[in-house]
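# Fold and geometry: a report
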Amino acid sequence: MKNKRLLIILLIAALILLIPWLAMQFTDEVNWTLFDFMVAGVLLFGTGILCEIALRKISNIKSRIIACAIILFIFFLVWLEIAVGFIDKLL
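Residues numbered from 1 in each chain as written. Predicted model: local features only at pLDDT ≥ 70, side-chain atom pairs only at ≥ 80, totals over all residues. Heavy atoms only, no water.

### Structural notes on the overall build of the chain
Across its full length, the chain holds 4 helices and 0 strands. Order of helices (α) and strands (β) in the chain, N terminus to C terminus: α-α-α-α. Expected size for 91 residues packed as a compact globule is a radius of gyration near 12 Å; at 15 Å, the chain overshoots this value by more than 25%. The dimensions of the chain, computed from C-alpha atoms along their principal axes, are 45 × 40 × 15 Å. Residues classed as buried in the chain amount to 21% of the 91 residues present. Counting every atom, the chain has about 7,200 Å² of accessible surface; 73% of that belongs to carbon and sulfur. (Helix = DSSP H or I, 4+ residues; strand = E, 2+ residues; numbered from the N terminus. Rg over C-alpha atoms; globule rule 2.2 N^0.38 Å. Buried < 20%, exposed > 50% of the residue type's maximum accessible area, 1.4 Å probe, protein only. Areas by Shrake-Rupley, 256 points an atom, 1.4 Å probe, with all protein chains shown as cover.)

Take a look at the structure:
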């Protein structure tokens, strides 16, 4: 069961990474390098693994939801900062 969840996380991360790859095939507006794909892959897979760890280690349902929400919030903040420099624009 544990390996099945890991495989699902890996597949979801790969499917999300297929979106920019497919967009690159049809338009010049999306121009990702190998480094961009690696960073996005680490962020997606790392977020999935952290949520999985939180779901395994925390027994209270409310605490699980809060932990995963915090992990996702941090993921989106990092992604936003990498994409457009969101924090620099706030300061």
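Still to come is the rest of the account.
### Digging into the nonpolar core
Formed by Ala13, Leu17, Phe37, Ala40, Leu43, Leu44 and Phe75, the largest nonpolar core amounts to 7 residues. Secondary-structure elements contributing two or more residues to this core are helix H1 (2-26) and helix H2 (34-57). No other element matches H2, which puts 4 residues into this core. Among residues more than four places away in sequence, those in contact with Phe75 are Leu43, Leu44 and Thr47. The next biggest cluster of nonpolar side chains, apart from the first, holds 5 residues, and it includes Cys51, Ala54, Ala67 and Ile71. (Core = buried A, V, L, I, M, F, W, Y, C linked by side-chain atoms within 4.5 Å. Contact = heavy atoms within 4.5 Å.)

### Let's talk about the confidence of the model for the chain
In the predicted model, the chain carries a mean pLDDT of 90, and 91% of its residues have values of at least 70. Per-element confidence in the chain is highest for H2, whose mean pLDDT is 94, and lowest for helix H4 (residues 86-90), whose mean pLDDT is 66. (pLDDT = per-residue confidence, 0-100.)

### With respect to the packing of H2 against helix H3 (residues 61-84)
Packed helix pairs are specified by the crossing angle of their axes together with the interaxial distance, meaning the distance between the axes. Where H2 contacts H3, the axes come no closer than 9 Å and their chain directions differ by 170°. Judged by the angle between their axes, H2 and H3 are roughly antiparallel. Seen from H2, the contacting residues are Val39, Ala40, Leu43, Leu44, Thr47, Leu50, Cys51, Ala54 and Leu55; seen from H3, they are Arg64, Ala67, Cys68, Ile71, Leu72, Phe75, Val78, Trp79 and Ile82. (Axes fitted to C-alpha atoms, helices over the stretch in contact; angles between N-to-C directions. Parallel < 35°, antiparallel > 145°, perpendicular 65-115°, else oblique.)

### Some details on the environment of Leu50
Tracing the backbone through its elements, the reader meets Leu50 in helix H2. With a relative accessible area of 48%, Leu50 lands in the partly exposed category. With 12 residues separating them along the chain, Leu50 and Met38 place their C-alpha atoms 18 Å apart.

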